[in-house]
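Descriptive analysis of the structure
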Amino acid sequence: MKITYDAEVDALSIVFRETTVTTKHLAEGIAADYDTQGRLAGIEILDAVKRFGDAETLRQVVLEGIGPATRPKN
């Protein structure tokens, strides 16, 4: 997963997987990208700072419930 913020256009992008996508506009300034199997591949939010209140909010990312990666045993 990759989270990027473009300050020039005030856009937040969350990409779950790099693939060919179809974009569905969910609301003004909010779009979701889906892969060919209909799985969510990414989200883009325009006017991000305006929507979230301030730029500091974008600097705080907390992932809960994600433990260390485990590898399958052979």
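Now for a look at the structure at hand. (Residues numbered from 1 in each chain as written. Predicted model: local features only at pLDDT ≥ 70, side-chain atom pairs only at ≥ 80, totals over all residues. Heavy atoms only, no water.)

Our next topic: the pairing of strand 4 (residues 30–34). Direction of pairing for strand 3 (residues 22–27) relative to strand 4: antiparallel, over a ladder of 5 bridges. Among the inter-strand pairings, Lys24 is bridged to a residue of strand 4, identified as Ala32. What sits between the antiparallel neighbours strand 3 and strand 4 is a turn of 2 residues, in which Gly29 has the positive phi angle 80°. Sheet topology note: the strand 4/strand 5 (residues 40–46) ladder contains 5 bridges and is antiparallel. Of the residues in strand 5, the one forming a bridge with Ile30 is Ile45. The turn linking strand 4 back onto strand 5 is made up of 5 residues, and Gly38 within it adopts a positive phi angle of 85°. (Pairing = 2+ DSSP bridges. Helix = DSSP H or I, 4+ residues; strand = E, 2+ residues; numbered from the N terminus.)

Moving on to the sheet that holds strand 5. Read across the open sheet, the 5 strands follow the order 1-2-5-4-3; overall the sheet is antiparallel. In this open sheet, the two edge strands, each paired with only one partner strand, are strand 1 (2–6) and strand 3. Strand-to-strand twist across the sheet, computed as the mean angle between neighbouring axes with direction ignored, equals 15°. (Axes fitted to C-alpha atoms, helices over the stretch in contact; angles between N-to-C directions.)

The next point concerns the layout of surface pockets. For the largest pocket, the calculated volume is near 160 Å³. Ile3, Thr4, Tyr5, Leu12, Ile14, Phe52, Thr57, Leu58, Gln60 and Val61 are the residues that line the largest pocket. Grouping the amino acids of the lining of the largest pocket by side-chain chemistry returns 7 nonpolar, 3 polar and no charged. (1 Å grid on protein atoms, 1.4 Å probe; cavity = no way out; pocket = protein on both sides within 12 Å on 5 of 7 lines; lining within 4 Å. Points joined across faces, edges and corners; volume = space filled by probe spheres on them. Nonpolar A, V, L, I, M, F, W, Y, C, P; charged D, E, K, R; others polar.)

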